[in-house]
Amino acid sequence: MNNLEFAKIFWQIAEFLELKADNPFKIRAYRAAAQNIESLSKSLEEIYAQGGLKAIEEIPGIGTHIGQKIEEQIKTGKVSVLTQLRKEFPQGFLELASIPGLGPKTALLLKKLKIDSLAKLEKAAKSGQLRDLPGFGAKKEKNILRGLNLKKASHGRFLLDEASAHAELLVEELEKLPEAKKILPCGSLRRGQETVGDLDILVVSDKPNIIMDKFVKLAMVKDILAKGETKSSVILKNGLPADLRVVNEKSFGAASHYFTGSKAHNIHIRQLAHQAGWKVSEYGIFNQKGQQIGGQTEADMFAKFRLDYIPPELREMRGEFEAAAKGQLPKLVELSDIKGDLHLHTKATDGLNSIEEMAEAAKKLGYEYILISDHTQSTRVAGGLSESEMLAHLKKIKAANKKIKGLEILAGAEVDILPDGSLDYPNKILNQLDIVIVSIHSNFKMPKEKMTQRIVTALSNPLVKIFCHPTGRLIGQREGYEVDLEKVLPAAQKYNVAIEINAHPQRLDLTDVYCQRAKELGVKMVISTDAHSTDQLELMKYGVMVARRGWLEKKDIVNTQAVRDLL
Ligand SMILES: [Zn+2]
Ligand SMILES: [Zn+2]
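Residues numbered from 1 in each chain as written. Chains lettered and ligands numbered in written order. Predicted model: local features only at pLDDT ≥ 70, side-chain atom pairs only at ≥ 80, totals over all residues. Heavy atoms only, no water.

Re the coordination of the zinc ion (ligand 1)
Stated formally: Donor atoms: N, O and S within 2.8 Å of the metal, or within 3.2 Å for Na, K and Ca. Because water is excluded, sites can look incomplete. Per the convention used, a helix needs a DSSP run of H or I reaching at least four residues, while a strand needs a run of E reaching at least two, with both numbered from the N terminus. Using a 1.4 Å probe on the protein chains alone, a residue whose accessible area is under 20% of its type maximum counts as buried, one over 50% counts as exposed, and one in between counts as partly exposed.
The coordination sphere of the zinc ion (ligand 1) contains the protein donors Glu414 (OE), His441 (NE2) and His469 (NE2), at a distance range of 2.0 to 2.2 Å. Separating the zinc ion (ligand 1) from the zinc ion (ligand 2) is a distance of 3.3 Å, and Glu414 supplies a donor atom to each of them. Of this pair, Glu414 sits in strand 13 (residues 408-416) while His441 sits in the loop between strand 14 (435-439) and helix 20 (448-459), and the two are 27 residues apart along the sequence. Residue class for Glu414 comes out buried when judged on its relative accessible area of 0%. For His441, a relative accessible area of 23% gives the class partly exposed.

As structure tokens, then:
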């Protein structure tokens, strides 16, 4: 069993416990464990084989309780707690309860109508059967249909971190074959799209049959859809489809360009080739005699058309060809440009690690600074701090900053924006923070104009420096609140507030297109992880992908600056 499958066990336990309204700390612990397991670099089975239960328990966020369940799974092939929980709920329950706006209570009611799948639910909602259930009505029925559509829209799409982790596992396995000379995950993953429908792995080899044999027999493969000489398609155990193609060395550039897409971008390249009297395919660039005149490297695919190299994240037909022809492509920000993380949580609220642990982990990433930004009093579900608790917390942050060398620990808070646009602490508290970052965590259902005004009012407070996860969306789970970004972004520029690109794969908020717009308006951006554990600090790369898709350069991003320039 790989780590992602182990993690899934704990995600599911957490979901069931949440449905039972069990202890929130317990639920949080399971989720944190799942998240940590997903980001481990070594497999749990390996760790267990080498160091037994003790080694497992020492993994951050695991401990005795969860460690024993991992051991149980390794020894017996199941976790009895999960088996038991499954028995307590009707068939298909978890799937139904996961529909946005439906919830566990309603899901239980559906049993009366013998609804145990999404398909049956949709049919019942469309035919008006649901409104006869107690507590239901036409409005609720409509909400459920809306939730179903949201679920469908994300159906079959995987979050960037899950897709990326699976691609890495595949690459790792294929790298064991000396016959695989080059391996490159292409497709929407390489372009950094916020969700991924399938993996496209490209391999260079003279012995495609050896590569194919290994690929379809990997332990992480569930079903083989097709196995050919140079192309195979499988479904991985988590449901993610994966295609593998093998090409010759001399086609590598053309193939990597072709399989990276986007489709619209590729069509344009083919048109350029047509105008030049050539042909472009996944095998190369060919002249009229059918001789290959380019395509061994990806740079060829642009240079042959007198274009600068277009990075994968820009291949979306948003002006990249015009810019490449004029030598005006941006020099995109890179992960290595990032000098610090300005949004993270600790044990003081809903985080998993202490200030010191977060700081040590940030140091390992080579950062110069972090901003500790725990929740404020109104966000009770996340353990938000009262004014006096915040003052005590500040002292701890300052003490940690003195103790830890080689990293600046800044004191901050993720301050709630209240419904009227005022902030969750008075200025006399905010004044004591190094950097104030603000967010919306409640009253999502305001009319657009009111929500926009609420945010603009908050940004006008001169103590506010960063506006976090600006639309509040959770991919596949919750649409963002209604807000007019065409008013918020200019306000951010006017009040000198930076807009966050939240790097958490479920948020990726602000989105790429609006990043581009923000840049046009002269708004400063910041990329933050919103890490709730040390491992989550590594989510930064996904935020960088969004920034790159938004054409952002190092100079557009606040946290590429040294700490002295921040404050
Ligand atoms: Zn937040
Ligand atoms: Zn946060």
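Following the structure, the description resumes.
Describing the pattern of salt bridges
Basically, it comes down to this: Each reported salt bridge corresponds to a side-chain nitrogen of Lys or Arg within 4 Å of a carboxyl oxygen of Asp or Glu.
Going through the model one piece at a time under the given rule, you end up with 31 salt bridges. Here Arg191 makes a salt bridge to Glu316, at a shortest N to O gap of 2.8 Å. With Arg191 in helix 11 (residues 187-191) and Glu316 in the loop between helix 15 (300-303) and helix 16 (320-325), the pair connects residues that are 125 residues apart, well separated along the chain. The same class applies to Arg191 as to Glu316, namely buried. Linking Arg315 and Glu298 is a salt bridge whose minimum nitrogen-to-oxygen distance equals 3.0 Å. Note that Arg315 is positioned in the loop between helix 15 and helix 16 and Glu298 in the loop between strand 10 (292-294) and helix 15, a separation of 17 residues in sequence. You'll find Arg315 and Glu298 in the same group, each marked buried. Each of Arg191, Glu316, Arg318, Asp512 and Arg549 takes part in a single network of salt bridges with overlapping partners.

Some points on unusual backbone geometry
Among all residues except glycine, the phi angle is most often negative; among peptide bonds, the trans geometry is most common. At the junction of Gly261 and Ser262, the peptide bond is cis and its omega measures out at 0° in the coordinates. Along the chain, the position of Ser262 falls in the loop between helix 13 (252-260) and helix 14 (263-275). Residues Asp509 and Leu510 are joined by a peptide bond in cis, for which omega reads 15°. Positionally, Leu510 belongs in the loop between strand 16 (498-502) and helix 22 (512-520). Unusually for a residue other than glycine, Lys114 sits at a positive phi of about 60°. Position of Lys114 among the secondary structure elements: in the loop between helix 7 (103-109) and helix 8 (118-126). For Asn443, which is not glycine, the phi dihedral falls at a positive 45°. For Asn443, the location among the structural elements is in the loop between strand 14 and helix 20.

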